[in-house]
Amino acid sequence: MVKRIIIFSATILLLFFVGYFLNDFFIEKNDIKLSFNLFHVYLFHALASLLIYILVELVVTQLPNETGYLYLALTMIKLGLFVLIFQNDIFSETPLVKAEKASLVIPLFIFLITETLGVAKLLNNKQFK
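Nothing here was measured: the structure is a model prediction, and the numbers come from that model.

Draft legend 1. Just the overall build of the protein, in detail. Tallying secondary structure elements over the protein gives five helices and zero strands in all. When the helices and strands of the protein are read in sequence order from the N terminus, they spell out α-α-α-α-α. Structurally, the protein occupies a C-alpha span of about 50 × 25 × 15 Å along its principal axes. Taking all 129 residues of the protein together, the buried fraction comes to 36%.

Printed below as a string of structure tokens:
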């Protein structure tokens, strides 16, 4: 369990740094001004994905058949908290430009796909069946 959490944490950390710096490089290269802090968006998704994976990892040994439902609920809570925390940036008076929309959606999908693959691999593990 600890080994899987460390591997997943390293993956999230790597994706955080690579994704953030590539996105920031693209934004600065094209001289685009974002209405939100890109670092906070990436940090939120990285921490939330890590927390979700750790909670699923802890629950899968006790309730292996219900763990998928827990993952779905935690993902919905994560999306709800994201909208709640960044609502001023998302629902502002001025519409978001394409670069801002992409900078909000790209980290969401990067970390959502990563946590989905990690949880799916965990749930398909023969040890918990």
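Additional details are given in the paragraphs that follow.
Draft legend 2. Summary view of helix H3 (residues 67–85). Over its 19 residues, H3 extends 26 Å from the first C-alpha to the last, a length consistent with the 27 Å expected when each residue adds 1.5 Å. Where H3 is buried, its residues meet helix H2 (38–60), helix H4 (87–90) and helix H5 (98–123).

Draft legend 3. Representation of the layout of surface pockets within the structure. Space inside the largest pocket adds up to approximately 220 Å³. Lining of the largest pocket is provided by Arg4, Ile7, Phe8, Thr11, Tyr53, Thr114, Gly118, Lys121 and Leu122. Secondary-structure elements contributing two or more residues to the lining of the largest pocket are helix H1 (2–29) and H5. Classifying every residue of the lining of the largest pocket gives four nonpolar, three polar and two charged.

Draft legend 4. Fine view of the packing of aromatic side chains. For the structure shown, the criterion picks out 12 aromatic pairs. With 5.5 Å between their ring centres and 80 degrees between their planes, Tyr20 and Phe39 make a pair best called edge-to-face. Here Phe39 lies in helix H2 and Tyr20 lies in helix H1, a separation of 19 residues in the sequence. For Tyr20, a relative accessible area of 14% puts it in the buried group. For Phe39, a relative accessible area of 32% corresponds to the partly exposed category. Note on Phe82 and Phe86: the rings are 4.8 Å apart at their centroids and 40 degrees apart in plane angle, and the pair reads as tilted. Judged by its relative accessible area of 8%, Phe82 falls in the buried class. What links up through ring pairs into an aromatic cluster is the set Phe16, Phe17, Tyr20, Phe21, Phe39, Tyr42 and Phe111.

How each quantity is defined
Residues numbered from 1 in each chain as written. Predicted model: local features only at pLDDT ≥ 70, side-chain atom pairs only at ≥ 80, totals over all residues. Heavy atoms only, no water. Helix = DSSP H or I, 4+ residues; strand = E, 2+ residues; numbered from the N terminus. Buried < 20%, exposed > 50% of the residue type's maximum accessible area, 1.4 Å probe, protein only. Expected span 1.5 Å × (residues − 1). Contact = heavy atoms within 4.5 Å. 1 Å grid on protein atoms, 1.4 Å probe; cavity = no way out; pocket = protein on both sides within 12 Å on 5 of 7 lines; lining within 4 Å. Points joined across faces, edges and corners; volume = space filled by probe spheres on them. Nonpolar A, V, L, I, M, F, W, Y, C, P; charged D, E, K, R; others polar. Phe/Tyr/Trp six-rings, centres within 6.5 Å; stacked < 30°, edge-to-face > 60°.

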